[in-house]
Amino acid sequence: MAVREIWLVRHGESVANVAAARAEAAGDDVIDAGYRDADVPLSPLGEEQSRALGRELADRGVDDVAVALWTSPYRRAQDTIAIALAAGDLPEPPKRVDERLRDRELGVLDLLTRQGVRNRYPDEERRRAWLGKYYHRPAGGESWADVMLRLRSLMVDVDRIEGTDRLVVAAHDAVVMLAIAVCLDLDEPTLMDFAGTHTVANASLTRLRRDGLGEAWSLEEFSAIGHLDDSEVTEHSGRKDDVHVS
């Protein structure tokens, strides 16, 4: 039996998401996150979102088939799924922490707002405007194409899983978006059109499905947040390069 479904979970709101929104609103150059990216914890709202997600996973019968769990090594993703499993009274499936599921690395642009990028790295701003987000790789960081490359490697390992029908992945907005691109074989124009009108919300659920090994993947559900109250819904990108540049 091969994996036929991938359930992609974005982490709940993090304290860095909150800090980024605050810095943007204040017109600051630098985001005072207080943690390195790998160690950023959830905000109190992010914890509540994670509990709501767990109840949704239980209601959907996430474990009514054989399940495996893969997570980003970053704290906010691991905390989200741990809180969710506890809230849904769900047993932890066989778990794998995989560095290929980490968030996109931004190099010299890390912890800078959009204004901060313009003020401190104008050459990078011009390169990004010229190359577009798909190919722009900030110094010391990754492009979207780079992240897709590591996710293509990950998908090879997905095909090697035996005895598991459903894979739950806890990761980040860029990982969710680009996993869709890899599975659906989206080229740059198609992906950018999709990303321009779709946002991966915090604590959302996205589902991909195929009929069997070697069959094409289909997108069954994108960024579902029906389990969240209106006051709990957040769509923080946390990323200053998620603005659209021409």
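That block above? That's the structure.
The following refers to the structure shown. In this text, all values refer to a predicted model and were calculated from it rather than measured experimentally.

**A few points about the overall build of the chain**
For step 1, the next point in the chain: The secondary structure content of the chain amounts to 8 helices and 6 strands.
For step 2, the next point in the chain: Listing every helix and strand of the chain by position from the N terminus yields β-α-α-β-α-β-α-α-α-β-α-α-β-β.
For step 3, the next point in the chain: Taking 18 Å as the expected radius of gyration for a compact globule of 246 residues, we find that the chain reaches 18 Å, a close match to that expectation.
For step 4, the next point in the chain: Along the first, second and third principal axes, the C-alpha set of the chain runs to 50 × 40 × 25 Å.
For step 5, the next point in the chain: Looking at the chain residue by residue over its 246 residues, the buried ones come to 54%.
For step 6, the next point in the chain: For the chain, contacts bridging at least 24 residues in sequence account for 80% of all contacts bridging at least 6.
For step 7, the next point in the chain: Counting only carbon and sulfur atoms, one obtains 48% of the accessible surface of the chain, whose full area is about 10,900 Å².
For step 8, the next point in the chain: The positive charge centre, built from 31 side chains, and the negative charge centre, built from 46, are 4 Å apart in the chain.

**Points about the pairing of strand β1 (residues 5–10)**
For step 1, the next point in the chain: Counting buried residues in β1 gives 6 out of 6 residues, a clear majority hidden from the surface.
For step 2, the next point in the chain: Every second residue of β1 is oriented toward a common face, with Glu5, Trp7 and Val9 on one face and Ile6, Leu8 and Arg10 on the other, all of them buried.
For step 3, the next point in the chain: Pairing of β1 with strand β5 (residues 205–209), which is carried by 5 bridges, proceeds in the antiparallel orientation. Note that in β5 the partner of Val9 across the bridge is Leu205.

**Focus: helix α8 (residues 188–197)**
For step 1, the next point in the chain: Among the residues making up α8, those that are buried are Leu191, Phe194 and Ala195. End-on view of α8: buried residues confined to an arc of 95°, all on one side of the axis. Turned more than 90 degrees off the buried face of α8, the exposed positions are Pro189, Asp193 and Thr197.
For step 2, the next point in the chain: In this structure, the buried residues of α8 make contact with α6 (144–158), α7 (173–184) and β6 (218–224).

**Considerations on the sheet that holds β6**
For step 1, the next point in the chain: As summarised here, the arrangement of the 6 strands in space is β3-β2-β4-β1-β5-β6, forming an open sheet in which the pairing is mixed. Looking at strand neighbours, the two that pair on one side only are β3 (95–97) and β6, the edges of this open sheet. Looking at each pair of strands side by side, their axes are set apart by 15° on average, direction ignored.
For step 2, the next point in the chain: Note that β5 and β6 share 4 bridges and pair antiparallel. Bridging across to β6, Arg207 finds its partner in Glu221.

Reading guide: rules and limits
Within each chain, residue numbers correspond to sequence positions counted from 1 in written order. Reporting in this predicted model follows two pLDDT cut-offs: at least 70 for local features of residues, and 80 or more for side-chain atom pairs to be given and counted; totals over whole chains, interfaces and linings ignore these cut-offs and use all residues. Neither water nor hydrogens contribute to the side-chain values; these are computed over all heavy atoms in the structure. The numbering of helices and of strands both runs from the N terminus, where a helix is a DSSP run of H or I of at least 4 residues and a strand a run of E of at least 2. We compute the radius of gyration over the C-alpha atoms and compare it with the globule rule, which gives 2.2 Å times the number of residues raised to the power 0.38. Type-normalised accessible area, obtained with a 1.4 Å probe on protein chains alone, sets the label of each residue: buried when under 20%, exposed when over 50%, and partly exposed for intermediate values. Any two residues whose heavy atoms approach within 4.5 Å are treated as being in contact. Only the protein chains shown count as cover for residues, and all accessible areas are computed by the Shrake-Rupley method using a 1.4 Å probe. Charged residues are defined here as Lys and Arg on the positive side and Asp and Glu on the negative side; His and the ends of the chain fall outside this count. Charge placement uses NZ in Lys and CZ in Arg. For Asp and Glu, CG and CD serve respectively. For two strands to be treated as a pair, DSSP must find at least two bridges joining them. To be clear, the arc concerns the directions from the helix axis to the C-beta atoms. Orientation is described by lines fitted to C-alpha atoms, with helices fitted over the stretch in contact, and by angles between N-to-C directions that extend from 0 to 180 degrees.

Treat this as a map of the structure, not an account of what it does.
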